[in-house]
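Results of the structural survey
Spelled out from the first residue to the last, the chains are:
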Amino acid sequence: MTKIALITGISGQDGSYLTELLLAKGYAVHGIVRRSSNFNTQRIDHIYHDPHETGPALTLHFGDMADGTGFRRILELVRPDEIYHLAAQSHVRISFDMPEYTADVGALGTLRLLEAVRDHMTQSGRSVRVYIAGSSEMFGAAPPPQNESTVFHPRSPYAVAKVAAHYFAINYRESYGHFICNGILFNHESPRRGETFVTRKITRAVGRIRAGSQKRLALGNLDAKRDWGFAGDYVTAMWLMLQQDQPDDYVVAMGEMHSVRDFLDMAFSEAGLHWQDHVDLDPRYLRPAEVDALQGDSSKARAQLGWMPRVSFPELVKMMVQHDINLAEREMASRNFAGA
Ligand code: NDP
Ligand code: GDR
């Protein structure tokens with residue numbers, strides 16, 4: 001029997017890698033996308049085929065985690081075996097500008113999903129497994145290394161919303177016996193990372209500075225330390241969690257800590273540049289409360305799930321820089337052609 005997966009946040013970085021993984025495993029994949037005045041499916045366009053031409057291995061539905069009724073309708077239609085709940089306003093600094101919306105989508109959106117799944121299971125007698133995308137931001141000010149037993153100390157509206165979602169999930173697991181897993185994932189990046197997150201902001205700038213289309217790069221706190229891994233490796237952990245006999249919560253991380261300054265050093269050096277010649281500090285990018293240091297202890301995921309990252313930190317930086325050098329060169333070439 002073909003397994004059916006439903007992914008919220010399918011158009012995001014993780015959604016695109018997870019879709020590739022599940023399709024390769026033979027799943028029929030359904031994803032929820034937001035209505036937008038512009039196309040917002042660039043990250044999955046290479047996988048999506050017109051169902052009129054090829055048959056639906058990947059099916060998209062319009063929806064929004066602020067709209068519980070719409071989600072229920074999609075759930076009844078799709079009848080998934082597994083749900084991967086990735087949708088969120090996922091930018092930490094922007095969550096200080098939009099706290100109410102961030103909490104509505106991140107915390108209440110998760111509750112809407114869990115309630116819909118609860119009713120669906122009661123009414124249909126079916127069993128649905130659910131993955132909830134938690135974050136190392138939930139640890140916030142708790143000193144490193146952080147693992148599943150570390151007490152949360154969230155430092156942003158985003159992180160508080162994720163903590164609420166985490167405990168909603170545990171409450172539904174304990175109250176109704178649902179198969180729900182919380183993944184507590186540390187930062188994971190890729191060439192598909194949104195361009196306002198610090199790693200991609202840096203590698204995009206490196207590419208453009210090298211191509212001659214950008215001169216300066218404005219950043220905030222260079223001292224913050226993060227545990228950065230490759231997104232393609234981290235979606236495998238999501239899938240593994242839902243294949244276990246029992247639901248549980250897992251930290252997924254590389255176990256290394258690097259500062260933003262370290263990332264700058266490596267990314268600019270990879271392109272033969274010196275970041276000190278190009279970077280300006282702009283207080284606009286500072287946060288009202290910062291998370292200083294995150295380093296995950298993922299021994300549990302490695303022992304129980306058999307999860308292992310394949311891409312090292314230096315390989316990740318190199319992959320992103322090479323991608324963005326090529327992208328900036330293509331942008332310059334098309335700009336020159338347009339002006340020819
Ligand atoms: P992205 O920001 O790249 O993707 C977020 C996705 O959620 C997008 O598809 C976005 O749609 C969608 N979305 C946003 N708001 C809504 C809404 N109101 N209704 C429905 N969909 C919505 O995030 P990532 O892929 O990097 O992360 C996936 C999940 O994992 C998020 O929940 C994030 O908070 C969490 N996480 C991420 C980590 C990381 O390092 N990447 C680490 C730990 C947790 P659109 O494309 O239209 O904007
Ligand atoms: P983070 O990622 O907040 O860890 O959340 P981000 O890349 O935004 O910031 C990492 C660190 O870099 C510092 N920083 C800057 N950040 C941004 N975005 N822009 C800048 O110009 C800049 N200058 C310095 C930040 O202060 C911070 O300390 C990401 C998101 O994917 C979340 O959804 C996810 O839950 C966590 O990772 C784990």
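**What about the side chain of Gln-146?**
- Its location among the elements puts Gln-146 in the loop between strand 5 (129–135) and helix 6 (157–176).
- A relative accessible area of 0% places Gln-146 in the buried class.
- At a separation of 2.8 Å, a polar atom in the side chain of Gln-146 contacts the main-chain carbonyl oxygen of Ala-142.
- At a separation of 3.2 Å, a polar atom in the side chain of Gln-146 contacts the main-chain carbonyl oxygen of Ala-293.
- Not counting chain neighbours up to four residues away, the residues in contact with Gln-146 comprise Phe-139, Phe-186, Val-251, Ala-293, Leu-294, Gln-295, Gly-296 and Asp-297.

**Some points on unusual backbone geometry**
- Following Pro-144, the chain continues into Pro-145 via a peptide bond in cis, with omega recorded as -5 degrees.
- Looking at where Pro-145 falls in the secondary structure, it is placed in the loop between strand 5 and helix 6.
- The backbone phi angle of Arg-79 is positive, close to 50 degrees, even though this residue is not glycine.
- Relative to the assigned elements, Arg-79 resides in the loop between helix 3 (68–78) and strand 4 (82–85).

**A closer look at the layout of surface pockets**
- One number sums up the size of the second largest pocket: a volume of about 170 Å³.
- Every residue along the wall of the second largest pocket is listed here: Val-33, Arg-34, Arg-35, Ser-36, Asn-38, Phe-39, Asn-40, Thr-41, Leu-60, His-61 and Phe-62.
- The leading source of residues in the lining of the second largest pocket is strand 3 (residues 58–62), at 3 residues.
- Broken down by class, the residue content of the lining of the second largest pocket amounts to 4 nonpolar, 5 polar and 2 charged.

**Structural notes on helix 7 (residues 198–211)**
- Here helix 7 contains 14 residues, and its C-alpha end-to-end distance of 20 Å stays within 8% of the 20 Å for a straight helix at 1.5 Å per residue.
- By the criterion of burial, helix 7 is predominantly enclosed, with 10 of the 14 residues buried.
- Burial in helix 7 covers these residues: Thr-199, Arg-200, Lys-201, Ile-202, Thr-203, Arg-204, Ala-205, Val-206, Gly-207 and Ile-209.
- Looking at the packing, one finds that the buried side of helix 7 touches strand 7 (188–189), strand 8 (217–219), helix 9 (260–270) and helix 11 (313–338).

**Quick look at the nonpolar core**
- Of all hydrophobic cores here, the largest spans 61 residues; its most connected members are Tyr-84, Ile-202 and Phe-268.
- Per element, the largest residue contribution to this core is 9 residues, and it comes from helix 8 (residues 231–242).
- By size, the runner-up hydrophobic cluster in this structure holds 21 residues, among which are Met-65, Ile-83, Ala-116 and Ile-180.

**A short note on the sheet that holds strand 4**
- The parallel open sheet is built from 7 strands, whose spatial order is 3-2-1-4-5-6-11. Both outer strands of the open sheet, strand 3 and strand 11 (249–252), are each paired with one neighbouring strand and no more. Each neighbouring strand pair of the sheet contributes to a mean axis angle of 20 degrees, computed without reference to strand direction.
- Relative to strand 6 (residues 180–185), helix 6 is tilted by about 150 degrees, and along the sheet it contacts strand 5, strand 6 and strand 11.

**Some points on the site of ligand 2**
- Near ligand 2 you find 23 residues, and of these Ser-90, Ser-135, Tyr-158, Arg-287 and Glu-290 are the closest.
- Here an oxygen atom of ligand 2 and a side-chain polar atom of Asn-187 are 2.8 Å apart.
- Note that an oxygen atom of ligand 2 is positioned 2.8 Å from one of the backbone N or O atoms of Val-198.
- Put simply, the parts of the chain that give the shell around ligand 2 at least two residues each are helix 7 and strand 8.
- Looking at the shell around ligand 2 residue by residue, the classes come out as 9 nonpolar, 8 polar and 6 charged.

Calculation notes
Positions within a chain are numbered from 1, following the residues in the order the chain's sequence is written. The lettering of chains begins at A and the numbering of ligands begins at 1, in the order of writing. For a predicted model such as this one, the threshold for reporting local features is a pLDDT of at least 70, and the threshold for listing and counting side-chain atom pairs is 80 or more; totals across whole chains, interfaces and linings nevertheless cover every residue. Where side-chain values are given, they derive from all heavy atoms of the structure, hydrogens and water being excluded. Each helix corresponds to a stretch of at least 4 residues labelled H or I by DSSP, and each strand to a stretch of at least 2 residues labelled E; elements are numbered beginning at the N terminus. Relative accessible area decides the class of each residue, using a 1.4 Å probe on protein chains only: under 20% of the type maximum gives buried, over 50% gives exposed, and in between gives partly exposed. Throughout this description, a polar contact denotes any pair of N or O atoms lying within 3.5 Å of each other; where both atoms belong to protein, one of them has to be capable of donating a hydrogen while the other can accept it, and for residues adjacent in sequence the pair is counted only when both atoms sit in side chains. Working rule for contacts: check all heavy atoms of both residues, and any pair within 4.5 Å makes them a contact. Points on a 1 Å grid over protein atoms alone make up a cavity when a 1.4 Å probe fits among them but cannot get out, and a pocket when they form an open set with protein on both sides within 12 Å along at least five of seven lines; lining residues each have an atom within 4 Å of a point. Grid points are joined across faces, edges and corners, and a volume is the space filled by probe spheres set on the points. In this classification, Asp, Glu, Lys and Arg are treated as charged, Ala, Val, Leu, Ile, Met, Phe, Trp, Tyr, Cys and Pro as nonpolar, and every other residue, Gly included, as polar. Between the first and last residue of a helix there are one fewer steps than residues, each counted as 1.5 Å, and that sum is the expected span. In these notes, a set of buried Ala, Val, Leu, Ile, Met, Phe, Trp, Tyr and Cys residues joined through side-chain atoms within 4.5 Å is what counts as a nonpolar core. Two strands qualify as a pair provided DSSP detects at least 2 bridges between them. Only the stretch in contact is used when fitting a helix axis, every axis being a line fitted to C-alpha atoms; angles between N-to-C directions are given from 0 to 180 degrees. For each residue, the test is whether any non-hydrogen atom lies within 4 Å of the molecule or strand; if one does, the residue is near.

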